[in-house]
Amino acid sequence: MKLLVIGGGGREHALAWKLSLSPRVHKVFVAPGNAGTALECGLENIAISSIPELIEFAKHEQIAITVVGPETSLAAGIVDAFQAAGLKIFGPLQQAAQLETSKIFAKEFMQRHHIPTAAYARFQDPVLAHEYINQKSAPLVIKADGLAAGKGVVVAQTNEQAHSAVNDILVEKNFGSAGYEIIIEEFLHGTEVSFIVMTDGRHILPLATSQDHKRLYDGDLGPNTGGMGAYSPTPFISPSLHAQIMRNIIYPVINGLKEEGIHYSGFLYAGLMITAEDQAKVLEFNCRLGDPETQPIMLRLKSDLLTLIEHAVNGTLDKVDTEWDRRAALGVVMAAHGYPENPRKNDVIQGLQNLIIDQENTDNFHIFHAGTYLGGKDEKEIITAGGRVLCVTALGENIKIAQQNAYKLIEKIHFDDYQVRHDIGYQGINYQRKK
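Note that the structure is a prediction, hence the values are computed from the model and not measured.

Our focus in this paragraph is the overall build of the protein. Each helix and strand counted, the protein has 15 helices and 23 strands in total. Rg of the C-alpha trace for the protein: 21 Å, near the compact-globule value of 22 Å for 435 residues, within the 12% margin. Every one of the 435 residues in the protein was classed for burial, and the buried ones make up 57%. Accessible surface, the protein: about 18,000 Å² in total, of which carbon and sulfur atoms supply 48%. With 39 positive and 50 negative side-chain charges, the protein shows a separation of 4 Å between the mean positions of the two kinds.

Rendered as structure tokens:
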């Protein structure tokens, strides 16, 4: 069986790698992929990007199922187009993907279906937005309505920061059409976690819980990024809280979409804030797997991912369950110099080949590539090509040991002026220490 994964980041590397481990899979094509997927056994990159060309490729290669990684492809309607061509594909339709592609759509949907989230107001006029900030006062959260590669959210601790964010989005148009409209939200206090499920539109299969770290610097300081690391499972989601999230958030989302005539099949990511009262509120929805949460989640998944996706595509997700490695997994992102504002490219990465060759027990870790390509001498050098370059992911008996194992691996890898947080997993480690 041949599969196709759409995308070229760390999430897609993890998905393609996990799918390739299925005994029924002959090859996984990745479009466009990266250096990691180019070097991975059982994977092959294809330099195709347009939806019509991808459809033609899938037909020619007799691709059994296509799995969509990035939100941009979902927003472009790739699932609609593949299904219209009679091809099996896993991901939500363009209409359903509005939960991610429009924060205003998501907010109004949550209001209609009584899903807990932060209070908000929407603005196109910067003057009215500034007046609202003066009325409410910081801390506030300012969000561009559309897709902004994980960077369209500003957590403003002061009124000055909030006013500046409004000017950046609505006046300077730094996010283009994605910032035609904004929402300004109340700031929620608590612990942020990630909750990801698979759904076939009726049945829901939760994946392992996780927590990511979005700020650039240790101690959750600095600008927001797409994510500097993640670990799974998170101790902040107890069995009772898990049940609350399913009851108050996940089921109302899927059932609410169904009531509105919108079929949702795919991964659904809920970014949640757990308040001091142990209540979960929605910060955002993503209509795909999170990145970098996917990397530790896939490292822990013992079930055949292909089987899970087949059941989801066929509407029989209630017939299958998941099995997880009891150990924790933790992934640390190695980012390029200048990330997130202006990441530098074309730095040579050293140490990766020797790491895989020399290290024993490679089942206990995996280096997932994101912004990399093969170039240089004989096109065999691994070179940086984007902001988040690698996600170094390792297993351990608990979060602390998984953390130690990941950072030991990072010591063996080098590229000039790379950025890395040194405290990924610290909230979970401190929580477990207190318990």
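The subject of this paragraph is the pairing of strand β14 (residues 221-224). It is a general feature of regular strands that their side chains alternate between the two faces of the sheet. Note that strand β13 (residues 215-217) and β14 share two bridges and pair antiparallel. Along β14, the bridge assignment pairs Tyr217 with Leu221. The turn linking β13 back onto β14 is made up of three residues, and Gly219 within it adopts a positive phi angle of 75°.

On to the pattern of salt bridges, then. Per the counting criterion, the structure on display carries 22 salt bridges. Salt-bridge contacts for Arg288 lead to Glu100; the nearest nitrogen and oxygen are separated by 2.5 Å. Of this pair, Arg288 sits in the loop between β17 (280-286) and α11 (294-300) while Glu100 sits in helix α6 (residues 98-101), and the two are 188 residues apart along the sequence. Arg288 sits in the buried class, given a relative accessible area of 11%. Ionic pairing is found between Glu185 and Lys143, a salt bridge with its closest N-O pair at 3.2 Å. Here Lys143 lies in strand β7 (residues 140-144) and Glu185 lies in strand β9 (residues 182-186), a separation of 42 residues in the sequence. As far as the burial class goes, Glu185 and Lys143 line up, both buried.

Grouped together as the largest cluster of nonpolar side chains are 79 residues, with contacts concentrated most on Leu4, Leu99 and Leu272. Discounting residues that sit within four places of it in the chain, Leu99 has contacts with Phe105, Ala106, Phe109, Val253, Leu257, Tyr264, Leu268, Phe285 and Cys287. Listed in part, the 41 residues of the second largest apolar core include Val25, Met298, Leu317 and Val320.

With that out of the way, let us pick up the sheet that holds strand β19 (residues 348-349). The sheet built from three strands is open, its strands ordered β19-β22-β21 with antiparallel pairing. The open sheet terminates on both sides in strands that have one partner only, identified here as β19 and β21 (372-375). Pairing of β19 with strand β22 (residues 381-384), which is carried by two bridges, proceeds in the antiparallel orientation. Bridged to Ile349 within β22 is Ile382.

It is worth spelling out helix α7 (residues 103-112) at this point. With seven of 10 residues buried, α7 lies mostly within the body of the structure. Residues Lys103, Ile104, Phe105, Ala106, Lys107, Phe109 and Met110 constitute the buried set of α7. One or two positions beyond α7, positive phi appears at His114, with a value near 55°.

Thresholds, definitions, all that
- Residues numbered from 1 in each chain as written.
- Predicted model: local features only at pLDDT ≥ 70, side-chain atom pairs only at ≥ 80, totals over all residues.
- Heavy atoms only, no water.
- Helix = DSSP H or I, 4+ residues; strand = E, 2+ residues; numbered from the N terminus.
- Rg over C-alpha atoms; globule rule 2.2 N^0.38 Å.
- Buried < 20%, exposed > 50% of the residue type's maximum accessible area, 1.4 Å probe, protein only.
- Areas by Shrake-Rupley, 256 points an atom, 1.4 Å probe, with all protein chains shown as cover.
- Lys, Arg positive; Asp, Glu negative; His and termini not counted.
- Charge placed at Lys NZ, Arg CZ, Asp CG, Glu CD.
- Pairing = 2+ DSSP bridges.
- Salt bridge = Lys/Arg side-chain N within 4 Å of Asp/Glu carboxyl O.
- Core = buried A, V, L, I, M, F, W, Y, C linked by side-chain atoms within 4.5 Å.
- Contact = heavy atoms within 4.5 Å.

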